[in-house]
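One letter stands for each residue in the lines below.
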Amino acid sequence: APGLVWRVMLKGLGKVHPDRPMSFADAPDIAARVIRKLDDEGYELAVACEGTTALEILSRVGRMPLPPYIKRQKHHDERDDFDRERYQTIYAHNPGSVAAPTAGLHFTPEILAALAARGIQRTFVTLHVDLGTFKPVEVDALDAHPMHTEAYTLPAEAATAINSAKRDRRRIIAVGTTACRVIESQPAGEPLVARDGETRIFIYPPYTWKHIGAMVTNFHLPRSTLIALVAALVGLDEQRRIYQEAIGQRYRFFSYGDAMFIE
């Protein structure tokens, strides 16, 4: 696919100059060249492989993009196969994220069937998690944090289901901060409509919730935008109590960890 341009991070290569040729291990037919450095510490990379799409190239040379706190041995194919299966929700459909919505990892077909048997409806939205999700909050005032932009899709079926629930005064429960941000990006006081869009919404205390009434979410890193979102839902004092309880009970934190239901 001649002419592919990727936005990438390059590490462990020292100073990278434009036009530097690069290659992929075990894939001599794939050529790459650095185009330029970007302002956000990333690079533009020109990638060429005749008759091959970006997803096909990544399936050959890529490894599962785990968060940086999950350590894996390099070139360990068996473990990578494990993560390709486990670091993915059972309902994943559209490729595009750099990370899985980890709250969804807890759901199995059996759990979804049990929820349906209790009359709990479900619907699906898509948010393509971007690299900025891993960017820590490095400023003292949250409103000064440069929030990243992420693409999302709110399908017609989801908009209809959420509108129906709101009319019936039923609670909207977001599975994960990703679903939460898609829905809270929609205008207040009017019905949701199907759309493809982008959001830079940054939810932190104090925040007036427009649609979401509860959430399932994992335990997040300190000084992250995700932990700020949790505080906006339950309050700072309750958030501290929850995390102290989790630490005391030795809950597992982060992507492969435990989840909590909060409201």
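This is a predicted model, so every value here is computed, not measured.

Asks: In this structure, what is going on with the side chain of Thr126? I would like to understand it.
Replies: Residue placement: Thr126 occurs in strand 5 (residues 126-127). For Thr126, a relative accessible area of 18% translates into the label buried. Side-chain polar atoms of Thr126 contact the side chain of Asn94, separated by 3.4 Å. Among residues more than four places away in sequence, those in contact with Thr126 are Asn94, Ala151, Tyr152, Thr153 and Val182.

Asks: Hey, could you run me through the packing of aromatic side chains in this one?
Replies: The relation between two aromatic rings is expressed through the spacing of the ring centres and the mutual angle of the planes. Per the stated rule, a full pass over the model turns up 9 aromatic pairs. With centroids separated by 5.7 Å and ring planes inclined at 85°, the aromatic side chains of Tyr243 and Phe253 adopt a geometry described as edge-to-face. Of the two residues, Tyr243 sits in helix 7 (residues 236-248) while Phe253 sits in the loop between helix 7 and strand 10 (259-262), which places them 10 residues apart along the sequence. For Phe253, a relative accessible area of 25% translates into the label partly exposed.

Asks: Got a minute to help me understand the sheet that holds strand 10 in this structure?
Replies: In any sheet, the strands associate via hydrogen bonds between backbone groups, in a parallel or an antiparallel arrangement. Read across the open sheet, the 3 strands follow the order 7-9-10; overall the sheet is mixed. Taken across any chain shown, the strands that pair with only one partner, and hence form the sheet edges, are strand 7 (173-175) and strand 10. This sheet shows a mean twist of 20° between the axes of neighbouring strands, independent of strand direction. Examined bridge by bridge, strand 9 (residues 214-218) and strand 10 share 4 bridges and lie antiparallel to one another. Note that in strand 10 the partner of Met215 across the bridge is Ile262. Against the sheet, helix 6 (residues 225-234) engages strand 9 and strand 10, with an angle of about 150° to strand 9.

Asks: Whenever I open this one, unusual backbone geometry confuses me. Can you help?
Replies: Trans is the prevailing form of peptide bonds, just as negative phi is the prevailing case for residues other than glycine. Cis rather than trans, the peptide bond between Pro205 and Pro206 has omega equal to -10°. As for its position among the elements, Pro206 is in the loop between strand 8 (195-199) and strand 9.

Asks: Looking at this structure, I do not really get the nonpolar core. What am I missing?
Replies: The nonpolar side chains of soluble globular proteins are, as a tendency, buried together. Ranked by size, the top nonpolar core spans 38 residues in total, and within it Cys180, Trp209, Met215 and Ile262 carry the most contacts. Mapped by element, the contributors of at least two residues to this core are strand 6 (150-154), helix 4 (156-167), helix 5 (176-184), helix 6, helix 7 and strand 10. In terms of residue count, the dominant contributor to this core is helix 6 (6 residues). Ignoring any residue separated from it by four or fewer positions in sequence, one finds Cys180 in contact with Ala174, Ile203, Trp209, Ile212, Met215 and Leu229.

Cut-offs used in this document
- Throughout, a residue's number is its position along its own chain's written sequence, starting from 1.
- Residue-level local features of this predicted model are given only where pLDDT is at least 70; pairs of side-chain atoms are given and counted only at 80 or more, and the full residue set underlies all totals for whole chains, interfaces and linings.
- To obtain the side-chain values, all non-hydrogen atoms of the structure were used and water was disregarded.
- Only DSSP runs of H or I covering at least 4 residues are called helices, and only runs of E covering at least 2 are called strands; the numbering of each starts at the N terminus.
- Only protein chains enter the accessibility calculation, which uses a 1.4 Å probe; a residue whose area is less than 20% of its type maximum is buried, one above 50% is exposed, and one in between is partly exposed.
- Polar contact is the term for a pair of N or O atoms within 3.5 Å; when the atoms are in protein, one must be able to donate a hydrogen and the other to accept it, and sequence-neighboring residues count only if both atoms are side-chain atoms.
- Contacts are residue-level and defined by heavy atoms, with any inter-residue pair within 4.5 Å sufficient.
- Pairing of aromatic side chains requires ring centres within 6.5 Å, counting the rings of Phe and Tyr and the six-membered ring of Trp. Pairs whose planes differ by under 30 degrees are stacked, by over 60 edge-to-face, and all others tilted.
- By definition, two strands form a pair when at least two bridges between them are found by DSSP.
- Every axis in this analysis is a line fitted to C-alpha atoms, fitted for helices over the stretch in contact. Angles between the N-to-C directions lie between 0 and 180 degrees.
- By nonpolar core is meant a set of buried Ala, Val, Leu, Ile, Met, Phe, Trp, Tyr and Cys residues that side-chain atoms within 4.5 Å join together.

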